[in-house]
Amino acid sequence: MFDLIGIAKVSTFRLPKIKTPLKWLNNTIRLREDVKRLFPWAKSAIIVGLAYDNDIDAALIYHPDYMSISKYAMVREYHKIIPKRLKKLITMLSENVKLENPVRHKIHADIFPIYEKGYAQKALGGITGLNHLWHSPLGSFVLLGGIITSIKYSKLRKLYSSFLSKLIYPDSPFKHPRCAYQHTLCASCKMCIAACPTNALKPPLLKIHRCIGYLTAEHKGKIPKALQAKMKNILFGCDICQDVCLYNKLASYKLTKRQLVERFGKVIPRIWHISVLKRMSVTGFYKAFAGTPVIRMRYYKFKDRVNFYVKQRTRD
Ligand code: B12
Ligand code: SF4
Ligand code: SF4
């Protein structure tokens, strides 16, 4: 069902006060610091990860005749896939295991203000790098979700060995509950900072308004031209600070198309020829990218981005 499963006690984090273009993020930092502010009954957390790294279309992603989407956008929206699986997990848990009744729980995969990278680190070890992503033993191309529960941690530990650990995909190469990274490779690397095309990484900050992940998926309105000029042939999402990362080189875990379909139900190409994109109608756009994160972009922004790139390409 998942590539990674771990458990953690519910705990608190110290997060900085932030002022970003994402008002919903600024306003929920205090809740993210302590999940008990939302769910006072919370005692433990089950944290899961779905891997999605792959080499599909890799040879052509920088070819000027194509525009590219990031790897998490090639598959079905994880906000939908992970909660569905977690609901199934809860049903299986209540059918198979005797639990003190009633167990309260809340499923999350970006749905509630929960600091998921922090919980992943508590439950599975690993490290958050200078690129602001959590690196597991499978690298950072892992999407996260989990369940906050009222189960005592000591009970959950027993459930881990008898039940939860058996839900890890047989082909997931990582079977241990904790990753052994002790120190960070970042001290001698900094490649993500140098590679970021919009200079969004300014440790300790990620300048969200400059991040292509934000500009394409979250920003309301067309992307400012000065930033589009730096986006090369990127259409949606961005993987650059992960593609160059030493932790991902170390992990070298790539899924085949068959494994991706098994995990997410659908895979679309990573690269799209500009002649196809230029011709795409509104209906064509929603059909081609149905169910994937790309439709968060909306058609008007998609059209603007394609037109901008086509003009830039002719000029260069
Ligand atoms: C908001 C958000 C975004 C925003 C902002 C990203 C961010 N780092 O905050 C935007 C839209 C830009 C974004 C982009 C992406 N995201 Co996002 N995002 C989130 C979300 C919803 C919340 C993250 C959060 O809590 N931010 C709050 C800040 C405080 O957290 P932080 O950056 O980790 O802050 C630390 C440091 O920055 C530092 N710090 C920050 N400011 C300051 C200031 C001072 C003074 C100091 C001392 C320290 C400091 O301290 C903080 C605590 O350690 C999570 C899901 C979730 N619910 O957790 C997904 C999540 C982090 N995103 C995810 C993904 C996949 C992406 C993208 C790769 C998608 C893409 N391909 O385009 C990009 C990657 C961009 C990047 N390099 O981080 C995954 C990451 C999985 C993983 N392995 O880590 C998550 C966990 C979603 C999921 N459920 O799988 N994302
Ligand atoms: S690219 Fe280098 S500096 Fe950046 S997160 Fe990876 S190891 Fe750390
Ligand atoms: S996702 Fe792209 S734009 Fe955002 S910080 Fe990483 S490299 Fe920079």
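Residues numbered from 1 in each chain as written. Chains lettered and ligands numbered in written order. Predicted model: local features only at pLDDT ≥ 70, side-chain atom pairs only at ≥ 80, totals over all residues.

Student: Just give me the short version of the site of ligand 1, but keep the residues and values in it.
Tutor: As a matter of local geometry, ligand 1 sits amid 35 residues, with Glu-116, Trp-134, Pro-204, Gly-213 and Gly-237 nearest to it. Contributing elements (two or more residues each) for the shell around ligand 1: α4 (116-124), β7 (142-149), β9 (205-206) and α7 (212-217). With four residues, the top contributor of residues to the shell around ligand 1 is β7. Taken together, the residues of the shell around ligand 1 sort by class into 22 nonpolar, seven polar and six charged. Of the residues that make up the shell around ligand 1, three or more belong to each of domain 1 (4-55 + 74-167) and domain 2 (186-252 + 268-315). (Near = placed C-beta within 6 Å. Helix = DSSP H or I, 4+ residues; strand = E, 2+ residues; numbered from the N terminus. Nonpolar A, V, L, I, M, F, W, Y, C, P; charged D, E, K, R; others polar. Domains from an automatic or database assignment.)

Student: Let's hear about the nonpolar core: which residues, and what values?
Tutor: By size, the foremost hydrophobic cluster in this structure holds 75 residues, and its most contacted members are Ala-45, Ile-46, Ile-47, Val-48, Tyr-52 and Val-142. Top contributing element to this core by residue count: strand β2 (residues 44-51), with six residues. Counting contributing residues per domain, this core is built from domain 1 (4-55 + 74-167) and domain 2 (186-252 + 268-315), each supplying no fewer than three. (Core = buried A, V, L, I, M, F, W, Y, C linked by C-beta atoms within 7 Å. Buried ≥ 20, exposed ≤ 12 C-beta atoms within 10 Å, placed from the backbone.)

Student: So what about the site of ligand 3? Which residues, and what values?
Tutor: Residues in contact with ligand 3, as listed here, are Asn-131, Cys-196, Thr-198, Ala-200, Leu-201, Leu-206, Cys-211, Ile-212, Gly-213, Cys-238, Ile-240 and Cys-241. Only α7 and α9 (240-243) provide two or more residues apiece to the shell around ligand 3.

Student: How would you explain the sheet that holds strand β1 (residues 4-9) if you had to name every residue and give the values?
Tutor: Across a sheet, paired strands are connected by hydrogen bonds in the backbone, their directions being either parallel or antiparallel. Strand order in the open sheet formed by four strands is β1-β2-β7-β4, with antiparallel pairing between adjacent strands. The outermost strands of the open sheet, each flanked by one partner alone, are β1 and β4 (105-108). Across the sheet, the mean angle from the axis of one strand to that of its neighbour is 20°, orientation sign disregarded. For β2 and β7, the ladder comprises eight bridges, and the chain directions are antiparallel. Among the inter-strand pairings, Ser-44 is bridged to a residue of β7, identified as Thr-149. Contacting β2, β4 and β7, helix α3 (residues 78-96) crosses the sheet at an angle of about 40° to β7. The sheet contacts of helix α5 (residues 153-162) involve β1 and β2, and relative to β1 the element is tilted by about 160°. (Pairing = 2+ DSSP bridges. Axes fitted to C-alpha atoms, helices over the stretch in contact; angles between N-to-C directions. Contact = placed C-beta atoms within 7 Å.)

Student: So what's going on with the domain arrangement of the protein? Which residues, and what values?
Tutor: Domain boundaries assigned for the protein yield domain 1 (4-55 + 74-167) and domain 2 (186-252 + 268-315). Using only C-alpha atoms to locate each centre, domain 1 and domain 2 end up separated by 26 Å. With 18 residues of domain 1 at the interface, the matching set in domain 2 holds 21 residues. In terms of residue class, the side of domain 1 that touches domain 2 is made up of nine nonpolar, seven polar and two charged.

Student: Tell me what's going on with the environment of Leu-22, and back it up with residues and numbers.
Tutor: Inspection of the secondary structure assignment puts Leu-22 in the loop between β1 and α1 (23-26). Leu-22 gets classed as partly exposed once you count the C-beta atoms within 10 Å, which come to 14. When residues no more than four places from it in sequence are discounted, the contact partners of Leu-22 are Ile-208 and Glu-218.

Student: Residues and numbers for helix α11 (residues 257-264), please.
Tutor: Burial in α11 covers these residues: Leu-260, Arg-263 and Phe-264. Taken end-on, α11 shows its buried residues confined to a sector of 75°, consistent with a single buried face. Facing away from the buried surface of α11 by more than 90 degrees, the exposed residues are Arg-258 and Glu-262. Contacts made by the buried residues of α11 are with β2 and α3. Residue Gly-265 follows α11 closely and has a positive phi angle near 85°. (Arc of directions from axis to C-beta.)

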